[in-house]
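Inside the fold
These are the residues of each chain, in order.
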Amino acid sequence: MVDLKGLKFSKMHGIGNDFPIIDESKGEVIPESDKPEACRILCHRNFGVGGDGVLFVEPSDVADIGYRMFNPDGSEAEMCGNGIRCFGDFVYRKGILKQEKMTVETRAGIKTIEITLDGDEPVLFKVDMGTSTFKTPEIPMTSDKEEFIDGELEVLDTTFNLTAISVGNPHAIIFVDDVDAVDINKYGPAIEAHEVFPEKINVHFVEVISENEGKMITWERGAGVTLACGTGATSTAISGYKQGLFADNILLHLPGGDLNFTVYEEGDELGAFMEGPAELVFDGEF
Ligand SMILES: N[C@@H](CCC[C@H](N)C(=O)O)C(=O)O
């Protein structure tokens, strides 16, 4: 078993999506081969710190700073939206990178964070989440369709109308009349591991309140039910805009809090800015 004794970390959350974060900007703290097991231990809510994933601050040759994210099952995700706001708060607050605007290298490309300060206190984070794709091979999704938008997918005893999108990591968006009526513990894992998604998928059920407002619940790949998913909310805003359900400014209510989105068009692609908070909960030593 990996020995984490003495490991220094901070515990953070972005609207209830919670993460231990570890500073590896000056060198590796957890050896690469130990990271999956270390993240499983750290995220455990009974035997560890507890978290919906672990964030790492890394050096970067192509951006101001680098960012990695691991799920509680030890798998590495391409990107984490609530995590990147926590990351921005952490690197600013700890003096690792004292910039109000920073470029961040992720496995899903370079993202830009803009921090709103109250004095020297970071309070709001605006992230250019970049562009998305609906092309099934890029999700990846096994399908004879080039794009799977509002397409029918049989899951257990029902058929859902689902939109598959990638914002670097993969998401399935299902618009429903009432999110409170969805049995997410039944359908979330079945869609996550559906045979058409070879790399699994994050699952979101979304209720449209108006063209500028929605409510959503999430089952995350490698994590299960969480209080929020930033890349999932980004995918929801973009998918809703693409399907004519949302305008380009959208407020999304997630179980842990709210996020604001501005969808933009870049050539043939759709991207989005995400705005929301991040909180440092405590600093710790394992
Ligand atoms: N919580 C996240 C997404 C984390 C990664 C995801 N579970 C995956 O495997 O793609 C967010 O806020 O975006």
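Residues numbered from 1 in each chain as written. Predicted model: local features only at pLDDT ≥ 70, side-chain atom pairs only at ≥ 80, totals over all residues.

**Focus: the pairing of strand β11 (residues 170-175)**
Among the six residues in β11, six count as buried, and that is most of the element. Taking every second residue as pointing to the same face, both faces of β11 are buried, with Pro170, Ala172 and Ile174 on one and His171, Ile173 and Phe175 on the other. As paired elements, strand β10 (residues 158-166) and β11 share four bridges and run antiparallel to each other. Among the inter-strand pairings, Thr163 is bridged to a residue of β11, identified as Ile173. Adjacent in sequence and paired antiparallel, β10 and β11 are bridged by three residues, among which Gly168 carries a positive phi angle near 110°. In this structure, β11 lies alongside strand β12 (residues 202-210), joined through five bridges in parallel fashion. Pairing of Ile174 across the sheet is with Phe205, part of β12. For the crossover from β11 across helix α3 (residues 184-192) to β12, the handedness is right-handed. (Buried ≥ 20, exposed ≤ 12 C-beta atoms within 10 Å, placed from the backbone. Helix = DSSP H or I, 4+ residues; strand = E, 2+ residues; numbered from the N terminus. Pairing = 2+ DSSP bridges. Right-handed = clockwise from strand over helix to strand, strands pointing away.)

**Observations concerning the site of the ligand**
Around the ligand, a shell composed of 19 residues is seen, among which Ala77, Gly81, Asn169, Gly230 and Thr231 lie nearest. Elements represented by at least two residues in the shell around the ligand include exactly α2 (81-93) and α4 (230-242). Partitioned by chemical class, the residues of the shell around the ligand number four nonpolar, 12 polar and three charged. Counting only domains with at least three residues in the shell around the ligand, you end up with domain 1 (8-130 + 277-285) and domain 2 (136-273). (Near = placed C-beta within 6 Å. Nonpolar A, V, L, I, M, F, W, Y, C, P; charged D, E, K, R; others polar. Domains from an automatic or database assignment.)

**Some thoughts on the domain arrangement of the chain**
The extent of an interface is frequently quoted as the accessible surface area lost upon association of the parts. As far as domains go, the chain holds domain 1 (8-130 + 277-285) and domain 2 (136-273). When each unit is reduced to the centre of its C-alpha atoms, the spacing between domain 1 and domain 2 is 23 Å. The interface of domain 1 with domain 2 comprises 24 residues on the first partner and 23 residues on the second. Listing elements by their share of the side of domain 1 that touches domain 2, those giving two or more residues are α2 and β8 (121-131). For the side of domain 1 that touches domain 2, the element with the highest residue contribution is β8, accounting for five residues. Looking at the side of domain 1 that touches domain 2 residue by residue, the class counts come to eight nonpolar, 11 polar and five charged. (Contact = placed C-beta atoms within 7 Å.)

**Things to note about helix α1 (residues 35-43)**
Restricting attention to buried positions, one finds in α1 the residues Lys35, Ala38, Cys39, Ile41, Leu42 and Cys43. In the core, the buried residues of α1 are packed alongside β2 (17-23), β3 (54-58) and β4 (65-70).

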